[in-house]
Amino acid sequence: MDRDTEKTPQVSNDVFPDDCSPNSKSSKRNKNLISLLFLLGFSLLGFWAIRTISSNNKNKKERPPKANLVKVATATEQSVPIQLEAIGNVQSDLVVSVTPQATGQITGVYFKKGQKVKKGQLLFTLDPRIQDASLAQARGVISKDQASIDQARATLAKDQGQVEQARATLAKDQGQVEQARATLVKDESAVKQAIAILNKDTAQSRYNHSASERYNSLYKSGAVTLDQAQQYASTAQSSSATLVADQEAITSARQVVKTDISGITNAQEVVKGDVVAIANAQAVVKGDMAAIANAQAVKKTDQGALDNIQVQLSYTKIYSPIDGKAGNILINLGNVVQANSNSPLVTIAKIRPIQVSFSIPEGKLPMVRKYMNQGKLKVDISFANDKQYAQGFLTFINNTIDNSSGTVQLIGDFENKEGHLFPGQFVNTTLTLAQNPNAIVVPSQAVQIGPKGQFVFLVDSEQMTVENIPVTASEAINGLSVIEKGEIEEGDKVVIDGQANLVSGDKVKISTKGKKLHKSKKGSES
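Residues numbered from 1 in each chain as written. Predicted model: local features only at pLDDT ≥ 70, side-chain atom pairs only at ≥ 80, totals over all residues. Heavy atoms only, no water.

(A) Main features of the overall build of the chain. Of the regular secondary structure elements, the chain holds five helices and 22 strands. A buried classification covers 30% of the 526 residues belonging to the chain. Put simply, of all contacts in the chain between residues at least 6 apart along the chain, 78% involve residues at least 24 apart. Summing over all exposed atoms, the chain offers an accessible surface of approximately 34100 Å²; the carbon and sulfur share of this is 53%. (Helix = DSSP H or I, 4+ residues; strand = E, 2+ residues; numbered from the N terminus. Buried < 20%, exposed > 50% of the residue type's maximum accessible area, 1.4 Å probe, protein only. Contact = heavy atoms within 4.5 Å. Areas by Shrake-Rupley, 256 points an atom, 1.4 Å probe, with all protein chains shown as cover.)

See below:
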């Protein structure tokens, strides 16, 4: 044992590293072997998979792909209306609540609820006895006022006669003044004439006295006889007497002129008195006119009261203010109503013509305005689940946009001859803007929506394959969509059923139940 022990050297683990130990080398060889086997297996598996895929692809190339069964329709060219559709609400442009304007008991009801009434038709009557009594009293007051007016007019006529009489007296007295002035002028002429005679006689007297003195001297000298001297002396004395008479005539004429002036003054005073009398008479006439005006004012006031009573009496008969349809009767026969009460007796709505209000997106407003400027726009309405429809015209576009909905209100007027439309109804509304005469249309179900927008599947009749064609289609009208943009032409076949499993290039088989579009008046499919 010792020998063997000495011969066998002791080897420490510190001599070899961990990975160089004999046990470590054996483990590494095992791992490499496993990796090699795994790589070989994986390679065989890949080779088998490639062979299998190649075989499958080869089989696919050898077998033709299965065609998809689809339904198709033919695109056509039609005259299609450009329309906007909306839900409309029927409304009356005039609704009147009939309320009493007089207080009284209802004595008559002359219509039935829901009845069509005409403007001016009698609806209710009230007890008129209070108004009748007041009317009789007011008429009596008016008669009294008229009597006062007639009396004042008679007094005015009498006083106007006094004025005319005073004017006649004035005219007469003014004539006297003029006559006195004429006499004065004549008498003043007489004075002037007398003065002229005096001047002439004075000159003659001076001549006669000079001649007398000259002949007296001649007589003293014995040149003339005594008779001649005495003759000239007598003529001189006579001239002196004539001068005295002329002076007296002038004095007398001047006295007459003074009398004439006094007469004119007196006549003028009389005229002044006449003018005062006329003024007084005119003042009386003016007072008479004021009395008449006052009496007429009193009558006018009383006439106003009478008219008011007549109006109040007219309120005892209540008439329909408009043509329309009456609602429920809200008061019964025999009830007492109060004037200007807030509780209506009946409500009347105008239904001929009638209006339909509907809204469109504000983005459509410029287009509506454009076509509206070219003429009247037709509005068609129909009822849900009912083939009846009515036609009217667009008459109103609101001036504000509803910010909560982004829409604008439009209103169309309808004659409503048959009376089928009632306020509050909801109807389907179609606004026709214009006609698109050469529109390409397809059934609405042909238009699909994908990630990039609208598209249709176009069928290649020769290859029996489909192609995805991007389009821009309008809103559906009677089941048809107008292709506004896109490479679709009249006669092209488009898929209308079976698009779910299609991609561009797929083979298709057309079902014998496919559709073909035909032109119709409204662009509907047949």
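(B) Quick look at the sheet that holds strand β3 (residues 95–98). Across the sheet, four strands lie side by side as β3-β10-β8-β5; this open sheet has antiparallel pairing. Of all the strands in the sheet, the pair left with one neighbour each is β3 and β5 (116–117). By the bridge criterion, two bridges tie strand β8 (residues 324–326) to strand β10 (residues 346–349) in an arrangement that is antiparallel. Counterpart to A326 in the pairing with β10 is I348. (Pairing = 2+ DSSP bridges.)

(C) Spotlight on the pairing of strand β18 (residues 465–470). For strand β17 (residues 453–460) and β18, the ladder comprises six bridges, and the chain directions are antiparallel. When the bridges of β18 are listed, V459 appears paired with V466. Here β17 folds back onto β18, and the loop between the two strands holds four residues, one of which, M464, carries a positive phi near 55 degrees.

(D) Highlighting the side chain of S239. The topology assignment puts S239 in helix α4 (residues 226–314). With a relative accessible area of 8%, S239 lands in the buried category.

(E) The nonpolar core, seen in detail. Ranked by size, the top nonpolar core spans 24 residues in total, and within it F358, V368, L394, L410 and L431 carry the most contacts. Core analysis: the next-biggest nonpolar cluster, separate from the first, contains 17 residues, V96, V98, L126 and A326 among them. (Core = buried A, V, L, I, M, F, W, Y, C linked by side-chain atoms within 4.5 Å.)

(F) Region of the structure containing the packing of aromatic side chains. For the coordinates displayed, the defined rule picks out three aromatic pairs. Here K376 stacks its cationic end above the ring of F393, 5.4 Å away from the centre of that ring. (Phe/Tyr/Trp six-rings, centres within 6.5 Å; stacked < 30°, edge-to-face > 60°. Lys NZ or Arg CZ within 6 Å of the ring centre and 35° of its normal.)

(G) Representation of unusual backbone geometry. Each neighbour pair has its own omega, and for R352 with P353 the value is -10 degrees, a cis peptide bond. Among the secondary structure elements, P353 is positioned in the loop between β10 and β11 (354–361). Of note in the backbone geometry, N340 takes a positive phi value of approximately 55 degrees without being a glycine. Within the element layout of this structure, N340 appears in the loop between β9 (336–337) and β10. On the accessibility criterion, N340 (60% relative accessible area) is exposed. A positive phi angle, close to 55 degrees, is found at N416, a residue other than glycine. Its place among the elements puts N416 in the loop between β14 (407–414) and β15 (426–443).

(H) View of the confidence of the model for the chain. Here the chain averages 84 in pLDDT, while 85% of its residues score no lower than 70. Confidence over residues 1–25 falls short of pLDDT 50; this stretch has four contacts with residues more than four positions distant or in other chains. Between residues 514–526, whose pLDDT stays under 50, and residues either more than four places distant or in other chains, the model counts 33 contacts. (pLDDT = per-residue confidence, 0-100.)

(I) Summary view of the side chain of T125. Relative to the elements of secondary structure, T125 occurs in strand β6 (residues 122–126). Since its relative accessible area comes to 10%, T125 is described here as buried. One polar contact links T125 to Y110, side chain to side chain, over a distance of 3.4 Å. The contacts of T125, once residues within four sequence positions are left out, are Q105, I106, T107, G108, Y110, T316 and K317. (Polar contact = N/O pair within 3.5 Å; in protein donor to acceptor, adjacent residues only side chain to side chain.)

(J) Up close: a negative patch on the surface. On the surface, a cluster of negative charge is contributed by D460, E462, E467, E487 and E489. When you line up the elements, E489 lands in the loop between β20 (480–485) and β21 (493–497). (Patch = residues over 30% accessible without salt bridge, like charges linked within 9 Å, V, L, I, M, F, W, Y side chains within 5 Å. Salt bridge = Lys/Arg side-chain N within 4 Å of Asp/Glu carboxyl O. Lys, Arg positive; Asp, Glu negative; His and termini not counted. Charge placed at Lys NZ, Arg CZ, Asp CG, Glu CD.)

(K) Region of the structure containing helix α3 (residues 129–220). With 92 residues, α3 should reach 136 Å at 1.5 Å per residue; the first-to-last C-alpha distance of 135 Å fits that figure. Just past α3, the residue G222 takes up positive phi, approximately 80 degrees. (Expected span 1.5 Å × (residues − 1).)

(L) The pattern of salt bridges, seen in detail. Inspection of every chain in the model, using the stated rule, returns seven salt bridges. Its salt-bridge partner being D93, residue K350 comes within 3.9 Å of it at the nearest N-O pair. Remark: D93 occurs in the loop between β2 (76–91) and β3 and K350 occurs in the loop between β10 and β11; sequence separation between them is 257 residues.

(M) Focus on the sheet that holds β9. An order of β7-β6-β4-β9 is seen for the four strands of this open sheet, with the pairing classed as antiparallel. In the strand order of this sheet, the two ends are held by β7 (317–319) and β9, each with one partner. One ladder, built from three bridges, connects β6 with β7; its direction is antiparallel. By the bridge assignment for β7, F124 is matched with I318.

(N) Main features of the packing of α3 against α4. With their axes 4 Å apart at the nearest point, α3 and α4 run at an angle of 170 degrees to one another. By the criterion of interaxial angle, the relationship of α3 to α4 is roughly antiparallel. (Axes fitted to C-alpha atoms, helices over the stretch in contact; angles between N-to-C directions. Parallel < 35°, antiparallel > 145°, perpendicular 65-115°, else oblique.)

(O) Inspection of the environment of T395 at higher detail. The topology assignment puts T395 in strand β13 (residues 389–402). Look at T395 and you get partly exposed, because its relative accessible area is 42%. As a C-alpha pair, T395 and L410 span 15 residues in sequence and 7.9 Å in three-dimensional space. If near-sequence neighbours (up to four positions away) are discounted, T395 is found in contact with M372, I411, G412 and D413.

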